[in-house]
Amino acid sequence: MMMHKTRFLKTAAVAVLALPLLAGASVAQQITLRVHSFLPPPANPVKTFIKPWIEKVEKEAGGKLKIQYYPSMQLGGKPPQLMDQVKDGVVDIIWSLPGYTAGRFPRLEVFELPLVHTNPVATTLAIQDFQKKHLQEEFKDYHVLLLNNHAGSMFMTKEPVKRLKDIRGMKIRTATRAGGWLLAELGAIPIGAPLPAIPQMLSKGVISGAMLPYEIAPAIKMQDLVSNFTTMEGKQPRMNTSTFAFLMNKASYAKLPDDLKKVIDNNSGDRIARWAGENWAAIEVPGQKVMASKKKNQFHTLPAEDVAAMHEAAKPVIDRWLKEMKGRGIDGEALLADARAMVAKYTK
């Protein structure tokens, strides 16, 4: 009896001593990925897409995957460096704008040309089709989680823009070079800068306004910094859009076990594109409400004749892009035709 009791106690002791080791093994099995972005925590895309995506992936991974989000460039560098940070493995995942590295992703840039975009759902779905056909080489250094876009830019300015002629001479911030080309055709002075630079530039008078969608405006307090918001009359009320890149380091993806790769795959590309498009459409509403919450703020719509003038101003911008594509050995005409057709396919 005594022998059995002694054997039991020894077995129990070994089991107790093994518990920390087992716990350590469990923790070791959990893989941590770091997501880096320039967006501040209050930004609508963070609250409504990036963090929900992280939570969804972690839940489906069943505790095997931990994803840490670092906003506002907390891991260092400047927004244009995000593309290299994820390519080089400095971070595992980034959310950024290809437009911050002008000309680096010329084929995707077709969707940023003026008046190609219609609405965030249609254009995001079109980008998925376009990616499969045209963007494999352009993004070969990345594991693409999603390429998408926002609802479209408008003029947000200190002084009112009620007619196109009012924009002449204004220094306007834009996120894309195509946006800059359009502004130049309209007689404005384009200033390229990342989103976080806008408040200081407006406060110091470096710029008179910016081209932005409503959804991101509250994150940098545009409701306080400017007083005028201008869209266009008709079915295509926005001038252009910016494309987003949600990218993963190829090695970070490759080292995942098959079950976690499947979780990532189930939350990438076509499987989340409609969600993303509908999200960016939906977050325009609260963004606009914040802008309207200040009594000083006014909302303007460019009339039909100015919309026609905008279409005329878009032509040399598109010609300029086509000429550059030709110089780089890229069939820009085919890309533009496909982009327009794919957007039209999904536009209701």
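Residues numbered from 1 in each chain as written. Predicted model: local features only at pLDDT ≥ 70, side-chain atom pairs only at ≥ 80, totals over all residues. Heavy atoms only, no water.

1. Some details on the overall build of the chain
Looking only at helices and strands, the chain features 13 helices and 11 strands. Along the first, second and third principal axes, the C-alpha atoms of the chain reach 100 × 50 × 35 Å. Going through the 348 residues of the chain one by one, you find that 52% of them count as buried. In the chain, 76% of the contacts between residues at least 6 apart in sequence involve partners at least 24 apart. Put simply, the chain shows about 16,000 Å² of open surface, and 56% of that area lies on carbon and sulfur atoms. (Helix = DSSP H or I, 4+ residues; strand = E, 2+ residues; numbered from the N terminus. Buried < 20%, exposed > 50% of the residue type's maximum accessible area, 1.4 Å probe, protein only. Contact = heavy atoms within 4.5 Å. Areas by Shrake-Rupley, 256 points an atom, 1.4 Å probe, with all protein chains shown as cover.)

2. Some details on the packing of helix H2 (residues 44-60) against helix H10 (residues 270-282)
At a closest axis distance of 10 Å, the pairing of H2 and H10 adopts a crossing angle of 160°. With respect to each other, H2 and H10 are oriented roughly antiparallel. Where H2 crosses over H10, the two elements pack in a sense that is right-handed. Between H2 and H10, the contacting residues are Pro-45, Thr-48, Phe-49, Pro-52 and Trp-53 on the first element and Ile-272, Trp-275, Ala-276, Asn-279 and Trp-280 on the second. (Axes fitted to C-alpha atoms, helices over the stretch in contact; angles between N-to-C directions. Parallel < 35°, antiparallel > 145°, perpendicular 65-115°, else oblique. Left-handed = near helix turned anticlockwise from the far one by under 90°.)

3. A word on the nonpolar core
Judged by nonpolar contacts, the single largest core of 112 residues is most densely connected at Leu-39, Trp-53, Leu-65, Phe-155, Met-222, Leu-247 and Met-310. Setting aside chain neighbours within four positions, we find Met-310 in contact with Leu-115, Phe-155, Leu-164, Leu-182, Leu-186, Met-232, Met-239 and Leu-302. (Core = buried A, V, L, I, M, F, W, Y, C linked by side-chain atoms within 4.5 Å.)

4. Quick notes on the packing of aromatic side chains
What the rule picks out here adds up to 16 aromatic pairs. Pairing Phe-229 with Phe-299 gives two aromatic rings, centres 5.2 Å apart and planes at 20°, and the pair type is stacked. Of this pair, Phe-229 sits in strand S9 (residues 228-232) while Phe-299 is found in strand S11 (residues 298-302), placing the two residues 70 residues apart along the sequence. Its relative accessible area of 1% is what places Phe-229 among the buried residues. (Phe/Tyr/Trp six-rings, centres within 6.5 Å; stacked < 30°, edge-to-face > 60°.)

5. Remarks on the sheet that holds S11
Strand order in the open sheet formed by 6 strands is S7-S6-S8-S5-S9-S11, and the pairing between neighbours is mixed. One side of each edge strand has no neighbouring strand; the edge strands of this open sheet are strand S7 (189-192) and S11. Strand-to-strand twist across the sheet, computed as the mean angle between neighbouring axes with direction ignored, equals 30°. Sheet topology note: the strand S5 (residues 154-157)/S9 ladder contains 3 bridges and is antiparallel. Pairing of Met-156 across the sheet is with Phe-229, part of S9. Along the sheet, helix H5 (residues 177-185) makes contact with S5, strand S6 (171-174), S7 and strand S8 (209-212), crossing S6 at roughly 160°. (Pairing = 2+ DSSP bridges.)

6. Describing the pairing of S9
Of all 5 residues that make up S9, 5 are buried, and the element is covered over most of its length. Where burial is concerned, the two faces of S9 agree: the one with Asn-228, Thr-230 and Met-232 and the one with Phe-229 and Thr-231 are both buried. As paired elements, S9 and S11 share 5 bridges and run parallel to each other. By the bridge assignment for S11, Met-232 is matched with Leu-302.

7. Quick look at the packing of H10 against helix H11 (residues 284-292)
Their axes nearest at 5 Å, the elements H10 and H11 cross at an angle of 15°. Here H11 runs roughly parallel to H10, going by the angle between their axes. Across from Trp-280, Ala-281 and Ala-282 in H10, the residues of H11 making contact are Glu-284, Val-285 and Pro-286. Grouping the amino acids of the contact of H10 with H11 by side-chain chemistry returns 5 nonpolar, no polar and 1 charged. (Nonpolar A, V, L, I, M, F, W, Y, C, P; charged D, E, K, R; others polar.)

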